[in-house]
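Observations on the three-dimensional arrangement
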Amino acid sequence: MAVLEIVHYGDPILRKKCKSVKDLEDINSIISDMFDSMYEAEGIGLAANQVGLDMNLFIIDVTHTEEADETHIFINGSIVSKQGEDQVFQEGCLSMPGIALDVTRPEKVTLKYQTPDGEWHEDEFGGLLGRAIQHEMDHLNGVFIVDRVGEVERIKYQAELKELESNSKSRLRSRSEKGFVL
Ligand code: CO
């Protein structure tokens, strides 16, 4: 079991478009560390860049609902189309502790993705799973929930966002200083 550090708003890796995963050889140990990290943080979804990995990979566990009896792993995902009416739903984010926002998103998405066995799939997802997929795909494209709401909503959390940003900067600084300790 390895719990990885979850990076927060202000860390540059969360503003990057993540790279495709070419080699699936060692993917299972990364995925297992991601599940450990997500459960430790009590999240229902986690994108690779939230644990500092520049990879198009995310995991979701909505087994607490009627929707699913198993966990999901999505590799090299891309949203093919969006369907249904727009819906408003409150979302939180492990990379933005203390912030919850009403985010408008389409009801369903069709996602093309790979599973760890290398197989390609294209499926439509709705409900909480469809919502979580859109949230995690946003992460892999460098987008946060604050980018999905209006100015008025965003301003409410200005102080929190500033603090997260400055904490991330000092975390990055201490990390690079540690690099010189022999
Ligand atoms: Co998030």
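I will try to describe carefully the structure that is included in this document.

What counts and what doesn't
Residues numbered from 1 in each chain as written. Predicted model: local features only at pLDDT ≥ 70, side-chain atom pairs only at ≥ 80, totals over all residues. Heavy atoms only, no water. Pairing = 2+ DSSP bridges. Helix = DSSP H or I, 4+ residues; strand = E, 2+ residues; numbered from the N terminus. Axes fitted to C-alpha atoms, helices over the stretch in contact; angles between N-to-C directions. Contact = heavy atoms within 4.5 Å. Salt bridge = Lys/Arg side-chain N within 4 Å of Asp/Glu carboxyl O. Buried < 20%, exposed > 50% of the residue type's maximum accessible area, 1.4 Å probe, protein only.

**So, the sheet that holds strand β1 (residues 45–47)**
Taken in spatial order, the five strands line up as β1-β2-β3-β4-β5 in an open sheet, and their pairing is antiparallel. Of all the strands in the sheet, just β1 and β5 (120–125) have a single pairing partner and so form its edges. Between one strand and the next, the sheet's axes are offset by a mean angle of 30 degrees, whatever the strand orientation. Pairing of strand β2 (residues 57–60) with strand β3 (residues 72–92), which is carried by four bridges, proceeds in the antiparallel orientation. Counterpart to I59 in the pairing with β3 is I73. In this fold helix α1 (residues 27–40) packs onto β1, β2 and β3, with an angle of close to 45 degrees to the strand it touches most, β2. Across the face of the sheet, helix α2 (residues 127–140) comes into contact with β1, β2, β3, β4 (100–114) and β5 while running at roughly 85 degrees to β4.

**A closer look at the pairing of β4**
Looking along a regular strand, one sees the side chains alternate between the two faces of the sheet. Here 13 bridges tie β3 to β4, and the two strands are oriented antiparallel to one another. By the bridge assignment, Q83 is partnered in β4 with K108. Pairing of β4 with β5 involves six bridges; the strand directions are antiparallel. Bridged to L111 within β5 is D123. The turn linking β4 back onto β5 is made up of five residues, and G118 within it adopts a positive phi angle of 95 degrees.

**Describing the pattern of salt bridges**
Under the counting rule described, the total for this entry stands at ten salt bridges. A salt bridge links R105 to E91; its shortest N-O distance comes to 2.8 Å. Of this pair, R105 sits in strand β4 while E91 sits in strand β3, placing them 14 residues apart in sequence. Like R105, the residue E91 is buried in the burial classification.

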